[in-house]
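# Architecture at a glance
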Amino acid sequence: AETFTIKGEGTHTRELKISQHGPILETIYGQAPQDHCFSICWTGHLPGREIDTLLAMWKGQTLEEAMQCMEHHVCPNFNITYAGADGRIAYFLSGVIPKRKKDTPLRPLEGWTGEWDWDGVVPTNQNPRLIDPECGFCVTANNRPAPFDYPYELGNTFEPPDRYNRLTELLK
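The paragraphs below set out a description of the structure included in this document. (Residues numbered from 1 in each chain as written. Predicted model: local features only at pLDDT ≥ 70, side-chain atom pairs only at ≥ 80, totals over all residues. Heavy atoms only, no water.)

### Regarding the side chain of H73
What counts here: Helix numbering and strand numbering both begin at the N terminus, where a helix is a DSSP run of H or I of at least 4 residues and a strand a DSSP run of E of at least 2. Exposure is judged per residue with a 1.4 Å probe applied to protein chains only, and the accessible area is read against the type maximum: over 50% gives exposed, under 20% gives buried, and values in between give partly exposed. Polar contacts, as counted here, are pairs of nitrogen or oxygen atoms within 3.5 Å of one another; within protein the pair requires one atom able to donate a hydrogen and one able to accept it, and residues that are adjacent in sequence qualify only if both atoms are side-chain atoms. Residue contacts follow a heavy-atom distance rule, with two residues in contact if any of their heavy atoms lie within 4.5 Å.
The residue H73 is located in the loop between α2 (63-69) and β6 (79-83) in this model. For H73, a relative accessible area of 1% puts it in the buried group. Looking at H73, its side chain comes within polar contact range of the main-chain oxygen of P76, at 2.5 Å. Setting aside chain neighbours within four positions, we find H73 in contact with E50, T53, F78, S94, G95 and V96.

### Some words on the sheet that holds strand β4 (residues 22-25)
Hydrogen bonds between backbone atoms are what pair the strands of a sheet, whose relative direction is either parallel or antiparallel. Spelled out, the test is: When DSSP finds two or more bridges between two strands, those strands count as paired.
A sheet is described by the order of its strands in space; here 3 strands give the open sequence β3-β4-β5, paired in antiparallel fashion. Strands at the two margins of the open sheet, each flanked by one partner only, are β3 (18-19) and β5 (38-39). One ladder, built from 2 bridges, connects β3 with β4; its direction is antiparallel. Its bridge partner lying in β4, S19 is registered against G22.

### Quick look at a nonpolar patch on the surface
Test applied: Only residues whose relative accessible area exceeds 30% and that form no salt bridge are eligible for patches; like-charged ones are grouped when within 9 Å, while nonpolar side chains (Val, Leu, Ile, Met, Phe, Trp, Tyr) are grouped when within 5 Å. Areas reported here follow the Shrake-Rupley algorithm with a probe of radius 1.4 Å; residue values treat only the protein chains shown as occluding. Should a side-chain nitrogen of Lys or Arg be within 4 Å of a carboxyl oxygen of Asp or Glu, the pair is scored as a salt bridge.
A surface patch of nonpolar side chains, amounting to about 280 Å² of accessible area, comprises L25, I40 and W42. Relative to the assigned elements, W42 resides in the loop between β5 and α1 (50-59). Given a relative accessible area of 46%, W42 falls into the partly exposed group.

### Brief notes about the sheet that holds β6
Spelled out, the test is: Each axis is a line fitted through C-alpha atoms, taken for helices only over the stretch in contact, and angles between the N-to-C directions span 0 to 180 degrees.
Spatial strand order, β6-β7-β10: 3 strands in an open sheet with antiparallel pairing. Looking at which strands have only one partner, the edges of the open sheet turn out to be β6 and β10 (129-131). Taken over all neighbouring pairs, the strand axes of this sheet differ in orientation by 15° on average, direction set aside. Two strands pair when backbone bridges link them, and strand β7 (residues 89-93) and β10 are joined in this way by 3 bridges, in the antiparallel orientation. Bridge pairing links Y91 to L130 in β10.

### Re the packing of aromatic side chains
Going by this rule: Stacked, tilted and edge-to-face pairs are distinguished by plane angle, under 30 degrees for stacked and over 60 for edge-to-face with tilted covering the rest, among Phe, Tyr and Trp rings (Trp via its six-membered ring) whose centres lie within 6.5 Å.
Across all of its chains, the model carries 1 aromatic pair by this definition. A centroid spacing of 5.7 Å and a plane angle of 70° characterise the contact between Y150 and Y152, whose relative ring orientation is edge-to-face.

### Focus on the environment of E159
By secondary structure assignment, the location of E159 is in the loop between β10 and α3 (162-171). Of the residues examined, E159 reaches a relative accessible area of 41% and is grouped as partly exposed. Separated by 75 residues in sequence, E159 and G84 have C-alpha atoms that sit 28 Å apart. Here E159 is in contact with A141, N142 and N143, once residues within four sequence places are set aside.

### A short note on the pattern of salt bridges
Scanning all chains against the criterion turns up 5 salt bridges. A salt bridge links E64 to R88; the nearest nitrogen and oxygen atoms lie 2.5 Å apart. Here E64 is found in helix α2, whereas its partner R88 is found in the loop between β6 and β7, with 24 residues between them in sequence. With relative accessibility at 47%, the residue E64 sits in the partly exposed group. Of the charged contacts in the structure, one is a salt bridge between R166 and E169, with a shortest N-O distance of 2.6 Å. Residue R166 and its partner E169 are located together in helix α3, separated by 3 residues, close to a single helical turn. The exposure class assigned to E169 is exposed, which follows from its relative accessible area of 51%.

Written out as structure tokens, the structure reads:
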């Protein structure tokens, strides 16, 4: 149980329930069918060292140092662009990417079947990245950060490619 104070309402104690997929959610938008519940599996529930990561990245002197310190960053995912004094440039997606057994639709999933469970996480050195591209620039505009043949699912809530395409066109 956890005790907390709400301004004007006093102290409350609530039992926090956790499943194998994460915390059980109580929602005002709808109730789960009887004998079921809603929970959320999120990379933010995994242990990470985000503050250490960012402080180390700010002190980094090379692309390799910047990328190495991002190995300990879990959540949220960031689109990182890098430009070094040595002329090197890069883009990389930081954070943990779950290894999913199959594409995940945007809807509540049946957690009791196991078919939607994660199969570990993608090694950070396999996150999408672009290092010293031939074109001489990196563009990111909340677009999909990897081609559709990227071997791991990245989700499907990216911005349309219009801004990315326009920026690329202007930089060429």
